[in-house]
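# Results of the structural survey
Okay, here's what each chain looks like letter by letter:
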Amino acid sequence: MLTYAFAALLALTLVSFMIGRWRAHACVGVSTWKLHSRPAYHASFVAAWVGIPAGLLLLAWLMIQGPVLDRLVMVSLPGELVAGKGVGELSLILSQIKAVAGGTAFGDPAQPILEAGERLKSWRSIAELAMLACAMVVAMLGMVVAQSRIAPEFRARQAVERILDWLMIACAVIAILTTLGIVVSLLIEAMRFFGHVSPLRFFFGLSWEPQIAIRADQVTAGGAFGAIPVFVGTFLIALIAMLVATPVGLLSAIYLAEYASPRFRAAIKPTLEILAGIPTVVYGFFAVLVVSPALRTFGEAVGLPIAPNSALVAGGVMGIMIIPFISSLSDDAITAVPRSMRDGSLALGATKNETIISVLLPAALPGIMGGILLAVSRAIGETMIVVMAAGIIASLTLNPFQPVTTVTVQIVTLLIGDSEFDNPKTLAAFALGLVLFVSTLLLNIVAMRIVQRYREQYE
Amino acid sequence: MSDVSSTLRTGPATGHWRTAAQQRRLRRRYAADRRMQILGLGAIGLAVALLGILFGSLVYSGYLAFAQTRVVLEFRIDPALVQPDRIQDGNFRSIIRQALFQQFPEVTSRRQQTELAKLLSPGAEWIVRDHVQANPELVGRTVNLLVPVADPYDQLSKGVIPRDVPESQRRLGDEAIGWLDSLDRRGLVRTTFAWELFLNADSRFPEMAGLAGAMTGSFLTLLVCLLLSIPLGIAAAVYLEEFAPKNRLTSLIEVNINNLAAVPSIVFGLLGLAVFLGFLGLPRSAPLVGGMVLSLITLPTIVIATRATLKAVPPSIREAALAIGASKHQVMMHHVLPMAMPGIMTATIIGLAHALGETAPLLLIGMNAFIPSVDSIGLLEPATALPMQIYSWADSPERGFVARTSAAILVLLGFLVAMNAVAIYLRQRFERTWS
């Protein structure tokens, strides 16, 4: 139905474009110079009036229809079914009704729920028909209004350009809406979580066991939401990643910027960037397939017990992924140091090495630091490598040979398979997401400030 | 610098570069320089070696999945087991077993027969069924068909399961190996290209599992992403670069876009989960939702790159068009955008290549559905995507899925290489440099 609605609207828009063109031609005959704007502008004007309002109506209808019908169907339920039920039970009833309406119900639901499901199904089809009808009426109205304005002296070009302006502004505002959407949705769900668990316990608690009983008869731990072990694990893995990536990335950048011949540089730079283009799920598989067994064999050989999903595996592989970030940002920073500083140092008789260490690196340090901070934020937010290669159990340890867990791993494990956001377990994922968003945002802002200030200094 | 001052203080006689002490010093300084070079080269070598190990291990563990061991068997389509008018309900399992037992008349005990039946892939049944369905005249006749063997036998024939270890440490017993070898001696075993990998959807059996479902899902997801992010991204970039007045709203938008480009992708997954699934009630696992989330992720990249390309179009073009009376919009639509288009397309393709490999946000909106058939895939139906398929295969315990996962990764990397090659080609072929 939805596809038809949009297809019909598209067809109507095209037809209205033709009509607009024909009307523009018709009102001046062969003397087209009498038109203020070219016929295509008149036609676009009509098409915009047909397509845009009706399209917006369709989108708005789609957004509102689901929640409104849910509310209506819940109100229509017999009183004894909903009396005294909590939010969780009500949403369970609602999802049962939806399953009946969608024909995917299993087992045999109660009679009132079956009836409600049928009701929801018929309401849905009514609503969709109404949506189609309303959209068509709006489109027709738009067509009538717009084409009545077509006249030789009508400034269609200006009108179309104004519409274009608004469309472009709307597209640019999507960026703000996305940020707003992220902040609001994370904040709302995190607030609900902090309604269950106090922020003090979340931010300073030392035990993380989110497996709580969803049904009364399940046997689980009591559920503890102290996120310190998760934060420490994230920190540990990011630290290992940076310990791998920073020296390798920085040294390659120094070599590429100062020693390498142009041909070598032209060949190696893109090769290193390949590392950044490989999907992270590939790194995750690489960690499981190669790095973890190799490290374990090595550990056995030297008598060191290394867990298969130790922090070292995930952090090390993540470090490989981050090398190109550090190397290309450091390379930019080093090559941006003015030629005169480099020449001055060399002219005094310093070797290249001495120039690098006592002139270039200090001058490029802010840029390098900015790059490292960006890489840290990348490491903290990285998901697939740690989901596949790091642990799930949160243990409070700084031992790199032990498995630890990270914020992103916890978000994924808490949310997989669950779509109801009403228990602390799933809500905790949003609280973790909020922490992740805020910390990466802060890191990025600081890094960009440093890089920018440094750039201004030399330009 | 300290060298110079010390030389000055102590006078030329002792500070002369010919003295043994200064020569030593010089050698030390040059050695330090060489050390730095070696360290730098070593770091590059390490990074390149790691890249090589990564690709090498994937190719090494994955190339076997492109081949599949099969056997040619003679199947008698017994009319007692398959009614001509109800072929899909026929008992093809018995037909398969009969064809297999016919090759080994010496296998008579029930236990052995059960073991022998495991030689063929469970998918063989469907292959024979589909063949008979396409050729109904075969009922009552015999037909020679090439059917895949089960995963352990496939691994044995490829040498992944070693023959020279004691029987207790092997997945297959001596008897089972003997059966395959005896078929091989009779010339019935063939190794052919594994079309299943590209033509089949997902399956619980590694030898029948393929990427068709995942590729279709990825295609639909990227299509949605493309249709959303190209117009939105270009419009936003054009507005910010060419039309926007310098006010607080536009600077807010700019800061926003720059920050969004650095937000971890999993946060976008949370956004999709809370807003698209939770608030708007869109279906879980659907390519539509996946595409919407991915387009939010690629939008900032496309906007930033498009703005850079627009900035590179020289002002003289704009001024010339304005001077002959074009409106600002006409300058944009008729001159600047067409000139910037190759650059914008390059940026878009690179953005899409990133979106193709993006996994975490899709995981959160549940795009890891098990898709056993390509027919069921639609924009609003549950689907999976290539990276998600890799993730779920990597989690599967069967030995055959390791090779399948590597093969899937090679396919994904192949797509990425192809997309980047197109982008580079576009850049070199069409992009103009303005001097």
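Remember, it's a predicted structure, so these values are computed and weren't measured experimentally.

So, about the overall build of chain A. Across its full length, chain A holds 16 helices and two strands. The C-alpha atoms of chain A give 31 Å as radius of gyration, which overshoots the globular expectation for 459 residues (23 Å, by more than 25%). Along the first, second and third principal axes, the C-alpha atoms of chain A reach 85 × 75 × 40 Å. Split into buried and exposed, the 459 residues of chain A put 46% on the buried side. Put simply, of all contacts in chain A between residues at least 6 apart along the chain, 73% involve residues at least 24 apart.

For the rest of this paragraph, the subject is the side chain of Gln103(B). All names here are of chain B. Summarising the element assignment, Gln-103 is placed in helix H4 (residues 92–103). A distance of 2.9 Å separates the side chain of Gln-103 from the side chain of Arg-186, its partner in a polar contact. Setting aside residues up to four positions removed in sequence, Gln-103 forms contacts with Leu-73, Leu-183, Arg-186 and Leu-188.

Often, the extent of an interface is quoted as the loss of accessible area upon association of its parts. Every contact between the two is made by 75 residues of chain B and, on the other side, 80 residues of chain A. Buried area between chain B and chain A, both sides added, is near 6,500 Å², and the carbon and sulfur share of it is 81%. In this structure, Glu354(A) and Arg29(B) form a salt bridge, with 2.7 Å as the shortest nitrogen-oxygen distance. In this assembly, chain B and chain A are joined by 12 residue pairs in polar contact (both at pLDDT 80 or more). For the side of chain B that touches chain A, a count of residues per class yields 56 nonpolar, 16 polar and three charged.

Attention shifts here to the confidence of the model for chain A. Of all residues in chain A, 93% have pLDDT values of 70 or greater, and the mean over the chain is 86. Ranking the elements of chain A by mean pLDDT puts helix H3 (residues 79–82) of chain A last, at 72, and helix H8 (residues 228–259) of chain A first, at 94.

Our next topic: the pairing of strand S1 (residues 67–76) of chain B. All names here are of chain B. Of all 10 residues that make up S1, seven are buried, and the element is covered over most of its length. Across five bridges, the pairing between S1 and strand S3 (residues 189–193) is antiparallel. If you follow Thr-69 over to S3, its bridge partner there is Thr-191. Here S1 pairs with strand S2 (residues 142–148) via seven bridges, running antiparallel. Its bridge partner being in S2, Leu-73 is matched across the sheet by Leu-145.

With that out of the way, let us pick up the packing of helix H1 (residues 2–28) of chain A against helix H5 (residues 111–148) of chain A. Residues and elements named next belong to chain A. One can describe the packing of H1 onto H5 by two numbers: an axis separation of 11 Å at closest approach and a directional angle of 10°. With respect to H5, the axis of H1 lies roughly parallel. Residues Leu-2, Ala-5, Ala-8, Leu-9, Leu-12, Ser-16, Ile-19 and Arg-23 of H1 lie in contact with H5, whose contacting residues are Met-131, Leu-132, Met-136, Ala-139, Met-140, Met-143 and Gln-147. In terms of residue class, the contact of H1 with H5 is made up of 12 nonpolar, two polar and one charged.

We now examine the confidence of the model for chain B. Across chain B, pLDDT averages 86, with 95% of residues at or above 70. This prediction of the complex comes with two scores: 0.87 for pTM and 0.89 for ipTM.

Take the nonpolar core next. Residues and elements named next belong to chain A. Within the largest apolar cluster, 186 residues are counted, with the highest numbers of intra-cluster contacts made by Phe-193, Trp-208, Tyr-283, Met-318, Ile-322 and Ile-411. Top contributing element to this core by residue count: H8, with 14 residues. Residues in contact with Ile-322, not counting those within four places in the same chain, are Ala-241, Ala-245, Ala-375 and Ala-379.

Attention now moves to the sheet that holds S1(B). Residue and element names in this part refer to chain B. Taken together, three strands build an open sheet; the order of strands is S2-S1-S3 and the sheet is antiparallel. Each of the sheet's edge strands pairs with one partner strand only, and the pair in question is S2 and S3. Within the sheet, the average angular offset between the axes of one strand and its neighbour, ignoring direction, is 35°.

The next point concerns unusual backbone geometry. Residue and element names in this part refer to chain B. The phi torsion at Ser-285 lies on the positive side, around 65°, for a residue other than glycine. Topologically, Ser-285 is positioned in the loop between helix H12 (265–279) and helix H13 (287–312). On the accessibility criterion, Ser-285 (10% relative accessible area) is buried.

Take the side chain of Ser16(A) next. Residue and element names in this part refer to chain A. Tracing the backbone through its elements, the reader meets Ser-16 in helix H1. Overall, the relative accessible area of 0% leaves Ser-16 in the buried class. Within the structure, the side chain of Ser-16 is placed 2.6 Å from the backbone oxygen of Thr-13, a separation counted as a polar contact. Apart from the residues within four sequence positions on either side, Ser-16 is in contact with Val-46, Ala-47, Val-50 and Met-143.

A separate point is the pattern of salt bridges. Counted by the stated rule, this structure contains 17 salt bridges over all chains. Two residues, Lys158(B) and Asp154(B), come together in a salt bridge whose shortest N-O distance is 2.9 Å. Note on accessibility: Lys158(B) and Asp154(B) belong to one class, buried. Several salt bridges share partner residues, and in doing so they unite Arg265(A), Lys269(A) and Asp331(A) into one network.

Residue and element names in this part refer to chain A. According to the domain assignment, chain A consists of domain 1 (2–154), domain 2 (157–196) and domain 3 (224–458). Once you take the C-alpha centre of each, domain 2 and domain 3 turn out to be 31 Å apart. On the domain 3 side, the residues contacting the 11 residues of domain 2 number 11 residues. Roughly 1,000 Å² of surface becomes buried between domain 2 and domain 3 when both sides are summed, with 84% attributable to carbon and sulfur atoms. Area buried by domain 2 at its contact with domain 3 is led by Leu-186, Glu-189 and Phe-193, which between them contribute 53% of it. The interface formed by domain 2 and domain 3 includes zero salt bridges. The interface formed by domain 2 and domain 3 includes zero residue pairs in polar contact (both at pLDDT 80 or more).

Thresholds, definitions, all that
Residues numbered from 1 in each chain as written. Chains lettered and ligands numbered in written order. Predicted model: local features only at pLDDT ≥ 70, side-chain atom pairs only at ≥ 80, totals over all residues. Heavy atoms only, no water. Helix = DSSP H or I, 4+ residues; strand = E, 2+ residues; numbered from the N terminus. Rg over C-alpha atoms; globule rule 2.2 N^0.38 Å. Buried < 20%, exposed > 50% of the residue type's maximum accessible area, 1.4 Å probe, protein only. Contact = heavy atoms within 4.5 Å. Polar contact = N/O pair within 3.5 Å; in protein donor to acceptor, adjacent residues only side chain to side chain. Buried area = accessible area lost by both parts, 1.4 Å probe. Salt bridge = Lys/Arg side-chain N within 4 Å of Asp/Glu carboxyl O. Nonpolar A, V, L, I, M, F, W, Y, C, P; charged D, E, K, R; others polar. pLDDT = per-residue confidence, 0-100. Pairing = 2+ DSSP bridges. Axes fitted to C-alpha atoms, helices over the stretch in contact; angles between N-to-C directions. Parallel < 35°, antiparallel > 145°, perpendicular 65-115°, else oblique. Core = buried A, V, L, I, M, F, W, Y, C linked by side-chain atoms within 4.5 Å. Domains from an automatic or database assignment.

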